[in-house]
Amino acid sequence: MIKHLSSTQAIPEVSAIPRHVAIIMDGNGRWASKRMMPRVAGHSEGLSAVRKIVQECRRLGVEYLTVFAFSSENWRRPPEEVGFLMKLFLKSLKGEVSRLADNDICLRLIGDLTRFDQAIQEMVQFSEQKTAGGKSLTFTIAANYGGRWDILQAMQRCLADNPNIKPEDISEGVLQPYLSMAYAPEPDLFIRTGGEQRISNFLLWQLAYTELYFTDVLWPDFDELELQKAFDWFSQRERRFGRTSAQLASQVTSDAV
Ligand code: IPE
Ligand code: IPE
Ligand code: MG
């Protein structure tokens, strides 16, 4: 596995098109309520938006797309809604896996999958195996994922592998391979639809230097045009990673020489 550089350890390369896009797909329930439909109808509609955005990211040359589908706190929702989401998750994996494989897309799941039914766990394993060779885009679904869980599970697995490690020897480099997104560079662009401006326990560690884009558009309405708006906004950001604007300007000049 390629070891990706940490944004706090080295200055990452920047590009106009984000290499890694991470999305909190929020607003499904409100989309449905506005139409006098049950909240769960918004989740079904949200799936169509996922399809569109996966294909568009692939077309635009994004290498990694990560979406938040179910947080470790979403179990707190009414049991009927949780039950519906579980059925939809299984159904959509079954329905989409061939299309993902045909499109050369690699599917990965992050999160504590042990809490899901056996049928879901088996389907996840099958889908990951079937798409493992995908080279055009790595599409990650975060399910029963929490940023705090991620950091804790990384620390636990790291200590289990290195029982004699000294506290001072634990560094970013030692911990990083145990984080659930160790296979990907840190997200360049974070998008949250649905109007809220919070992280809701998504990729806490990995978002350290990610550009954060918030839009009021509800997830089922988020389409190629809205993605382009986010990318246009992203291309205008000055990614300083702690440096000054003057330093960036002089780097551009010296690169040009
Ligand atoms: C996001 O939409 C999907 C999940 C969390 C599963 P919501 O269901 O949170 O929709 P709102 O925020 O209530 O409108
Ligand atoms: C975040 O949305 C989780 C997902 C989109 C899966 P929520 O709707 O659960 O977030 P909060 O509760 O508004 O912060
Ligand atoms: Mg919500």
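The rules behind these values
Residues numbered from 1 in each chain as written. Chains lettered and ligands numbered in written order. Predicted model: local features only at pLDDT ≥ 70, side-chain atom pairs only at ≥ 80, totals over all residues. Heavy atoms only, no water. Axes fitted to C-alpha atoms, helices over the stretch in contact; angles between N-to-C directions. Helix = DSSP H or I, 4+ residues; strand = E, 2+ residues; numbered from the N terminus. Parallel < 35°, antiparallel > 145°, perpendicular 65-115°, else oblique. Left-handed = near helix turned anticlockwise from the far one by under 90°. Contact = heavy atoms within 4.5 Å. Nonpolar A, V, L, I, M, F, W, Y, C, P; charged D, E, K, R; others polar. Near = heavy atom within 4 Å. Polar contact = N/O pair within 3.5 Å; in protein donor to acceptor, adjacent residues only side chain to side chain. Expected span 1.5 Å × (residues − 1). Buried < 20%, exposed > 50% of the residue type's maximum accessible area, 1.4 Å probe, protein only. Arc of directions from axis to C-beta. Areas by Shrake-Rupley, 256 points an atom, 1.4 Å probe, with all protein chains shown as cover. Pairing = 2+ DSSP bridges. Core = buried A, V, L, I, M, F, W, Y, C linked by side-chain atoms within 4.5 Å. Phe/Tyr/Trp six-rings, centres within 6.5 Å; stacked < 30°, edge-to-face > 60°.

This next bit is on the packing of helix α2 (residues 39–60) against helix α3 (residues 79–102). The relative placement of two packed helices is expressed as an angle between their axes plus a distance between the axes. α3 packs onto α2 with a crossing angle of 25° between their chain directions and a minimal axis gap of 11 Å. Looking at the two axes, α2 sits roughly parallel to α3. As α2 runs across α3, the sense of the crossing is right-handed. Together, R39, V40, H43, S44, L47, R51, V54 and Q55 of α2 and E81, F84, L85, L88, S92, E96, R99 and L100 of α3 make up the contact between the two elements. Here the contact of α2 with α3 is built from residues that sort into 7 nonpolar, 4 polar and 5 charged.

On to the site of ligand 2, then. Taken together, I24, M25, D26, F68, A69, F70, S71, N74, R77, R192, R198 and S200 make up all the residues around ligand 2. Side-chain polar atom of D26 to an oxygen atom of ligand 2: 3.1 Å apart, as the coordinates give it. Interatomic distance of 2.9 Å between a side-chain N/O atom of N74 and an oxygen atom of ligand 2. It is strand β2 (residues 64–71) that provides the largest number of residues to the shell around ligand 2, a total of 4 residues. Residues belonging to the shell around ligand 2 are distributed by class as follows: 5 nonpolar, 3 polar and 4 charged.

The terminal C-alpha atoms of helix α5 (residues 147–161) lie 21 Å apart, and with 15 residues this matches the ideal 21 Å at 1.5 Å per residue to within 8%. G147, D150, Q153, A154 and C158 are the residues of α5 that are buried. Along the long axis of α5, the arc covered by the buried residues comes to 135°, so they all point the same way. Turned more than 90 degrees off the buried face of α5, the exposed positions are R148, L152, Q156 and A160. On its buried face, α5 is in contact with β4 (137–145) and α6 (172–175).

Here the focus is the site of ligand 1. The full set of residues close to ligand 1 is M25, D26, G27, N28, G29, R30, R39, H43, A69, N74, R77 and L85. The separation between an oxygen atom of ligand 1 and a polar main-chain atom of G27 is 3.4 Å. Against a free-state accessible area of 380 Å², the protein chains account for coverage of 87% of ligand 1. Those elements giving two or more residues to the shell around ligand 1 turn out to be α1 (28–34) and α2.

With 5 of 5 residues buried, strand β1 (residues 20–24) is to be regarded as a mostly interior element. Residues H20, A22 and I24 of β1 are buried on one face, and the alternating residues V21 and I23, pointing to the opposite face, are buried as well. Where β1 lies against strand β5 (residues 189–192), 4 bridges are found, and the strand directions are parallel. Pairing of A22 across the sheet is with F190, part of β5.

Looking now at the side chain of N74. With respect to the helices and strands, N74 occurs in the loop between β2 and α3. Judged by relative accessible area, N74 falls into the buried class, the value being 16%. Looking at N74, its side chain comes within polar contact range of the main-chain nitrogen of S71, at 2.7 Å.

Let's shift gears to the nonpolar core. If you look at the biggest cluster of nonpolar residues, it comprises 40 residues, and the most contacted ones within it are I23, L65, F89, F139 and I191. The element that contributes the greatest number of residues to this core is α3, accounting for 8 residues. Among residues more than four places away in sequence, those in contact with I191 are V21, A22, I23, I24, Y213, F222, L227 and A230. Ranked by size, the runner-up nonpolar core spans 14 residues in total, among them A22, Y64, Y183 and L207.

With that settled, consider the side chain of S92. Structurally, S92 is set in helix α3. With relative accessibility at 15%, the residue S92 sits in the buried group. Within the local environment of S92, its side chain forms a polar contact with the backbone oxygen of L88, the two atoms lying 2.7 Å apart. A distance of 3.1 Å separates a polar side-chain atom of S92 from the backbone oxygen of F89.

Glancing now at α2. Between its first and last C-alpha, α2 extends 32 Å over 22 residues, near the 32 Å set by a 1.5 Å rise per residue. Turning to α2, its buried residues number three or more, namely G42, H43, G46, L47, A49, V50, I53, V54, E56 and C57. Positive phi appears at G61, one or two residues downstream of α2, with a value of about 90°.

Under the counting rule described, the total for this entry stands at 11 aromatic pairs. An angle of 45° between the planes, with centres 5.8 Å apart, marks the rings of W75 and F116 as tilted. Separated by 41 residues along the polypeptide, W75 in the loop between β2 and α3 and F116 in the loop between β3 (105–110) and α4 (118–131) bring together distant segments of the chain. Residue classification places F116 among the buried positions, given a relative accessible area of 5%. Seen from their ring centres, F190 and F214 are 5.7 Å apart, and the 65° between their planes marks the pair as edge-to-face. Of this pair, F190 sits in strand β5 while F214 sits in strand β6 (residues 211–214), placing them 24 residues apart in sequence. Residue classification places F190 among the buried positions, given a relative accessible area of 0%.

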